[in-house]
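Summary of the model geometry
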Amino acid sequence: MSTIILGIESSCDDTSAAVICDGVLLSNVIASQAVHEAYGGVVPELASRAHQQNILPVVSEAVKRAGIDKSELNAIAFTRGPGLLGSLLVGTSFAKGLAASLNVPMVEINHLQAHVLAHFIRQSADDTTMPPSFPFLCLLVSGGNSQIIKVNSYYDMEIVGQTIDDAAGEAFDKCAKVMGLGYPGGPVVNRLGNIGNPTAFTFSKPHVPGYDYSFSGLKTSFLYTLRDRLEKDPTFIETHREDLCASLQRTVVDILMDKLRKASKDLKINEVAVAGGVSANTALRDAFHEHAVKYGWRIHIPPFAFTTDNAAMVAITGYFKYLHQDFCPMDATPFSRTVI
Ligand code: KG4
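The text that follows walks through the structure, step by step, so that each part is easy to find. (Residues numbered from 1 in each chain as written. Predicted model: local features only at pLDDT ≥ 70, side-chain atom pairs only at ≥ 80, totals over all residues. Heavy atoms only, no water.)

Some words on the overall build of the protein chain
Check the secondary structure of the protein chain and you find nine helices and 10 strands. Computed over the C-alpha atoms, the radius of gyration of the protein chain is 20 Å, within 12% of the 20 Å expected from 2.2 N^0.38 for a compact globule of 340 residues. With respect to the principal axes defined by its C-alpha atoms, the protein chain has extents near 65 × 45 × 35 Å. Expressed as a percentage of contacts within the protein chain between residues at least 6 apart in sequence, the contacts between residues at least 24 apart total 74%. For the protein chain, the exposed surface amounts to about 14800 Å²; the carbon and sulfur share of it is 53%. (Helix = DSSP H or I, 4+ residues; strand = E, 2+ residues; numbered from the N terminus. Rg over C-alpha atoms; globule rule 2.2 N^0.38 Å. Contact = heavy atoms within 4.5 Å. Areas by Shrake-Rupley, 256 points an atom, 1.4 Å probe, with all protein chains shown as cover.)

Here's what the structure looks like:
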């Protein structure tokens with residue numbers, strides 16, 4: 001008997017649904033919300049309205065593309081948090097209605113755990129990619145989180161270090177915003193940074209003990225550089241955009257890798273993965289490959305499709321929790337913030 005799970009993701013500004021059968025992905029549908037572009041960031045109220053418009057067609061399409069009938073679903077997995085409450089409410093309510101109508105259990109999913117377990121998605125029945133073996137370290141880097149997680153099993157994760165202020169993605173987004181590069185800034189900084197000189201500017205790096213991160217000092221140092229240089233040359237940003245992006249990107253990657261290297265050395269774990277939106281960054285990916293060669297790391301880098309928010313990661317986490325018979329009651333409510 002196969003186990004077929006529907007995953008629903010609605011924590012921020014992507015409405016997504018995916019179907020997984022015995023760990024193999026059958027479909028993954030994502031509707032992104034362009035409505036926020038004009039505002040330079042996600043507007044929560046607009047996000048929940050867009051989720052309401054998108055959720056039914058997205059789920060129907062995921063079931064259709066999977067080539068199954070919804071009556072074959074064994075459980076409905078949904079992102080319970082962390083994220084925007086109004087957005088989460090749309091996915092949670094839809095999951096409740098669908099689970100009740102099909103008389104199947106619901107599985108609540110922590111969005112951060114789902115990013116980590118995305119490494120276990122098999123993209124087809126003959127996908128031979130080796131998933132990480134336990135225990136492994138996962139660098140989880142997104143717009144809201146920067147964490148080093150020790151993953152002991154599908155069900156047991158410990159936060160080894162995390163940001164004490166801004167997340168890595170926020171550093172990219174905020175610095176991009178002041179350069180007039182739009183939102184989200186990460187992909188643009190990445191593209192421009194790859195053609196600039198990464199040593200053109202030096203920005204300050206944090207001195208935080210242990211394995212924790214901090215990115216607010218980098219942001220301030222970036223802003224001061226712009227302010228000082230713009231006073232003398234009003235065209236400074238225009239003429240130095242690529243070098244600014246390259247130097248910012250290098251500094252973020254250095255900060256991330258310094259702590260990850262320390263954690264790997266101290267905990268004696270060479271199996272190292274990366275996850276979350278910022279894991280799409282090509283300089284960060286290059287740094288992982290360099291560490292694999294230099295320090296003998298066995299690295300795990302997700303396909304680009306699984307770096308940003310998607311329901312495939314929710315469905316795979318739901319699959320493991322289903323095997324563990326870890327269901328949630330019908331009165332489960334979303335939460336906006338949490339730790340793993
Ligand atoms: O995980 P994610 O899609 O959303 C949440 O935060 O939940 O991550 C979004 C973040 C944004 O800050 C975005 O700028 C960043 O990921 N990002 C990147 C790249 N692609 C997305 N940052 C750097 N380089 C990229 N290529």
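Quick word on the environment of Glu-45
Tracing the chain through its elements places Glu-45 in helix H1 (residues 44-66). Assessed through its relative accessible area of 44%, Glu-45 is described here as partly exposed. Separated by 76 residues in the primary sequence, Glu-45 and Ile-121 place their C-alpha atoms 32 Å from one another. (Buried < 20%, exposed > 50% of the residue type's maximum accessible area, 1.4 Å probe, protein only.)

What about the site of the ligand?
Taken together, 18 residues are adjacent to the ligand, and Gly-143, Asp-173, Gly-186, Asn-190 and Gly-277 come closest. Side-chain polar atom of Ser-142 to an oxygen atom of the ligand: 3.5 Å apart, as the coordinates give it. One of the backbone nitrogen or oxygen atoms of Gly-277 is found 3.0 Å away from an oxygen atom of the ligand. Against a free-state accessible area of 550 Å², the protein chains account for coverage of 87% of the ligand. Of all the elements in the fold, those that place two or more residues in the shell around the ligand are helix H3 (111-117), helix H4 (168-178) and helix H5 (185-193). Across the shell around the ligand, the residue classes break down as five nonpolar, 11 polar and two charged. Per-domain counts for the shell around the ligand show at least three residues from each of domain 1 (4-123 + 306-323) and domain 2 (136-302). (Near = heavy atom within 4 Å. Polar contact = N/O pair within 3.5 Å; in protein donor to acceptor, adjacent residues only side chain to side chain. Nonpolar A, V, L, I, M, F, W, Y, C, P; charged D, E, K, R; others polar. Domains from an automatic or database assignment.)

Some thoughts on the packing of helix H7 (residues 236-267) against helix H8 (residues 282-295)
Contact pair H7 / H8: the axes reach a minimum separation of 10 Å and the direction vectors enclose 40°. By the angle between their axes, H7 is oblique relative to H8. Of the two possible hands of crossing, H7 and H8 adopt the one that is right-handed. Where H7 abuts H8, its residues Gln-249, Val-253, Leu-256, Met-257, Leu-260 and Arg-261 lie against Ala-283, Leu-284, Ala-287, Phe-288, His-291 and Tyr-295. Each residue belonging to the contact of H7 with H8 can be placed in one class, and the counts come to nine nonpolar, two polar and one charged. (Axes fitted to C-alpha atoms, helices over the stretch in contact; angles between N-to-C directions. Parallel < 35°, antiparallel > 145°, perpendicular 65-115°, else oblique. Left-handed = near helix turned anticlockwise from the far one by under 90°.)

Points about the side chain of Asn-281
With respect to the helices, strands and loops of the structure, Asn-281 is situated in the loop between strand S9 (271-275) and H8. Engagement of the side chain of Asn-281 in a polar contact is seen with the side chain of Gln-249, the distance being 3.0 Å. Of note is the side chain of Asn-281, whose polar atom sits 3.0 Å from the backbone nitrogen of Leu-284. Once you skip the residues sitting within four places of it in the chain, Asn-281 turns out to touch Phe-172, Asn-190, Gln-249 and Val-253.

A look at the sheet that holds strand S4 (residues 75-81)
Each strand in a sheet pairs with another by means of backbone hydrogen bonds, the pair being arranged parallel or else antiparallel. As summarised here, the arrangement of the five strands in space is S3-S2-S1-S4-S5, forming an open sheet in which the pairing is mixed. Looking at the sheet topology across the chains shown, the edges are occupied by strand S3 (24-32) and strand S5 (106-110). Geometrically, the sheet is characterised by an average inter-axis angle of 20° between neighbouring strands, direction not taken into account. By the bridge criterion, five bridges tie S4 to S5 in an arrangement that is parallel. Looking at S5, one finds that Ile-76 is bridged to Met-106. Contacts from H1 reach strand S1 (4-9), strand S2 (14-21) and S3, with the element oriented near 25° to S2. Against the sheet, helix H2 (residues 85-102) makes contact with S1, S4 and S5, and its axis sits at roughly 160° relative to S4, the strand it touches most. (Pairing = 2+ DSSP bridges.)

Functional significance is not addressed by these values, which are geometric in nature.
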